[in-house]
Amino acid sequence: AYQQSYDATPGFSNDASGRAMFLNGNEVQQLPLVISEILLRNVSTLPDENGVYSDLVELSNLSEEPISLDRYFLSDDLQDRFAYRLPAYTLLPGAFVVIHCDGENYVSADGVVHANFAISLGETLVLTAHNGDYTMLPAEYAGEDISVFLDENGSYITGMPSVGYENTEAGA
């Protein structure tokens, strides 16, 4: 017989030990979904649907397969990696999603995503997969309307924002 539980353990045994292993997770170099850009102090780059400027996080699907975003979580707290479950969207290979980190926690009628947390300087962004594997990226302040982004070589660099577009000169 099945038993309902709010203590998820995907990929692990359905007991206290499996729950602990799931919560601890494994830090990995890269997931198929990656944090491809962070823009702290977005003062004039990309407003939300209400004209408000907030910190932005761009996620990119680097895999060859579509990704169901609701199998991933985003947080600004390593101790609470499951703070914000991403919305139920399918992200095609090579596609991006921009998340407004403003503490609002909703998806607008036109698909603008708002996370339930805001980013503070010195925090670390954590992207966690449904199986507990996670990656981290420090939320570095690069200046007003200056992004930290993943370039074509897989390195994080600073430059002009290109949220929602390729992180190349053409996208900026």
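All figures in this text were calculated on a predicted structure; none of them were measured in a lab.

A.B. asks: Help me out: how do you make sense of the overall build of the protein in this one?
C.D. replies: Summing up its helical and strand segments, the protein has one helix and 13 strands in all. Element order for the protein, N to C, with α for helix and β for strand: α-β-β-β-β-β-β-β-β-β-β-β-β-β. Across the 172 residues of the protein, 41% fall into the buried class. Put simply, of all contacts in the protein between residues at least 6 apart along the chain, 58% involve residues at least 24 apart.

A.B. asks: It is not clear to me how the environment of tyrosine 165 should be interpreted in this structure. Could you clarify?
C.D. replies: Residue position: tyrosine 165 is located in the segment after strand S13 (156–159). Taking relative accessible area as the criterion, tyrosine 165 reaches 55% and is therefore assigned exposed. Separated by 105 residues in the primary sequence, tyrosine 165 and serine 60 have C-alpha atoms spaced 9.8 Å apart.

A.B. asks: Sorry, what's going on with the side chain of aspartate 55 here?
C.D. replies: Among the secondary structure elements, aspartate 55 is positioned in strand S2 (residues 55–61). The buried charged residue aspartate 55 lacks any salt bridge partner; its closest oppositely charged side chain belongs to arginine 41, at an N-O distance of 6.8 Å. A polar atom in the side chain of aspartate 55 sits 3.1 Å from the backbone nitrogen of arginine 41. Setting aside its immediate chain neighbours within four residues, aspartate 55 contacts Leu39, Leu40, Arg41, Asn42, Ile99, His100, Cys101 and Ile119.

A.B. asks: Mind showing me how you'd approach the nonpolar core here?
C.D. replies: Formed by 26 residues in total, the largest nonpolar core has its most connected members in Leu33, Ile35, Leu59, Leu74, Leu86 and Leu127. Those residues within four positions of leucine 74 in sequence are excluded, and the remaining contacts are Ile35, Val57, Arg81, Ala83, Tyr84, Leu86, Ile99, Phe117, Val126 and Leu127.

A.B. asks: Which parts of the structure should I look at to understand the packing of aromatic side chains?
C.D. replies: For the coordinates displayed, the defined rule picks out one aromatic pair. Considering the side-chain rings of phenylalanine 73 and phenylalanine 82, the 5.0 Å spacing of their centres and the 80° angle between planes classify their relative orientation as edge-to-face.

A.B. asks: For this particular structure, what's the right way to read the environment of asparagine 167?
C.D. replies: In this structure, asparagine 167 sits in the segment after S13. In this structure, asparagine 167 is in contact with Ser36, Glu37, Glu58, Phe149, Leu150, Asp151, Glu152 and Ser162, ignoring residues within four places of it in sequence.

A.B. asks: How should the pattern of salt bridges be read in this particular structure?
C.D. replies: Side chains that differ in sign of charge can pair as their charged atoms come close. Tallying each qualifying case throughout the model produces one salt bridge. Across the pair arginine 41 and glutamate 144 runs a salt bridge whose closest N-O atoms are separated by 2.8 Å. You can see arginine 41 sitting in the loop between strand S1 (33–39) and S2 and its partner glutamate 144 sitting in the loop between strand S11 (134–138) and strand S12 (147–150), a full 103 residues away along the chain. Among the residues examined, arginine 41 registers a relative accessible area of 40% and is labelled partly exposed.

A.B. asks: For this particular structure, what's the right way to read the sheet that holds strand S10 (residues 124–129)?
C.D. replies: Two orientations exist for strands paired in a sheet by backbone hydrogen bonds: parallel and antiparallel. With respect to topology, four strands assemble into an open sheet ordered S5-S4-S10-S11, the strand pairing being antiparallel. Only two strands of the sheet have a single neighbouring strand rather than two, namely strand S5 (84–85) and S11. By the bridge criterion, four bridges tie strand S4 (residues 72–75) to S10 in an arrangement that is antiparallel. What sits directly across from serine 75, in S10, is valine 126.

A.B. asks: Would you explain the pairing of S11 in this entry?
C.D. replies: Taken residue by residue, a regular strand's side chains alternate between the two faces of the sheet. Pairing analysis gives five bridges linking S10 to S11, with the strands arranged antiparallel. What sits directly across from valine 126, in S11, is methionine 136. Connecting S10 to the antiparallel partner S11 that follows it, the hairpin turn spans four residues, and glycine 132 within it adopts a positive phi of roughly 100°.

A.B. asks: Looking at this model, I keep getting lost on the pairing of S4. Mind explaining?
C.D. replies: Burial of S4 is two-sided: the residues Tyr72 and Leu74 facing one way and the residues Phe73 and Ser75 facing the other way are all buried. Alignment of S4 against S5, held across two bridges, turns out to be antiparallel. In the strand pairing of S5, leucine 74 is matched with tyrosine 84.

Rules used throughout
- In this numbering scheme, every chain counts its residues from 1 along its sequence in written order.
- A pLDDT threshold of at least 70 governs which residues receive local features in this predicted model, and a stricter bar of 80 or more applies before side-chain atom pairs are shown or counted, although totals over entire chains, interfaces and linings include all residues.
- Hydrogen atoms and water are omitted, and side-chain values are computed over all heavy atoms in the structure.
- Helical segments are the DSSP runs of H or I of at least four residues, strand segments are the runs of E of at least two, and each set is numbered from the N terminus.
- Type-normalised accessible area, obtained with a 1.4 Å probe on protein chains alone, sets the label of each residue: buried when under 20%, exposed when over 50%, and partly exposed for intermediate values.
- Note on contacts: a residue pair qualifies if any of its non-hydrogen atoms lie within 4.5 Å across the two residues.
- Residues scored as charged are limited to Lys and Arg (positive) and Asp and Glu (negative), so that His and the chain ends carry no count.
- By definition here, a salt bridge exists when the distance from a side-chain nitrogen of Lys or Arg to a carboxyl oxygen of Asp or Glu is within 4 Å.
- Two N or O atoms form a polar contact when they lie within 3.5 Å of each other; inside protein one atom must be a possible hydrogen donor and the other a possible acceptor, and for residues adjacent in sequence the pair counts only when both atoms belong to side chains.
- Throughout this description, the term nonpolar core refers to a set of buried Ala, Val, Leu, Ile, Met, Phe, Trp, Tyr and Cys residues connected via side-chain atoms within 4.5 Å.
- Only Phe, Tyr and Trp rings take part, Trp by its six-membered ring, and two of them pair if their centres are within 6.5 Å. Stacked means planes under 30 degrees apart, edge-to-face means over 60, and tilted covers everything else.
- A pair of strands is labelled paired if DSSP reports no fewer than 2 bridges between them.

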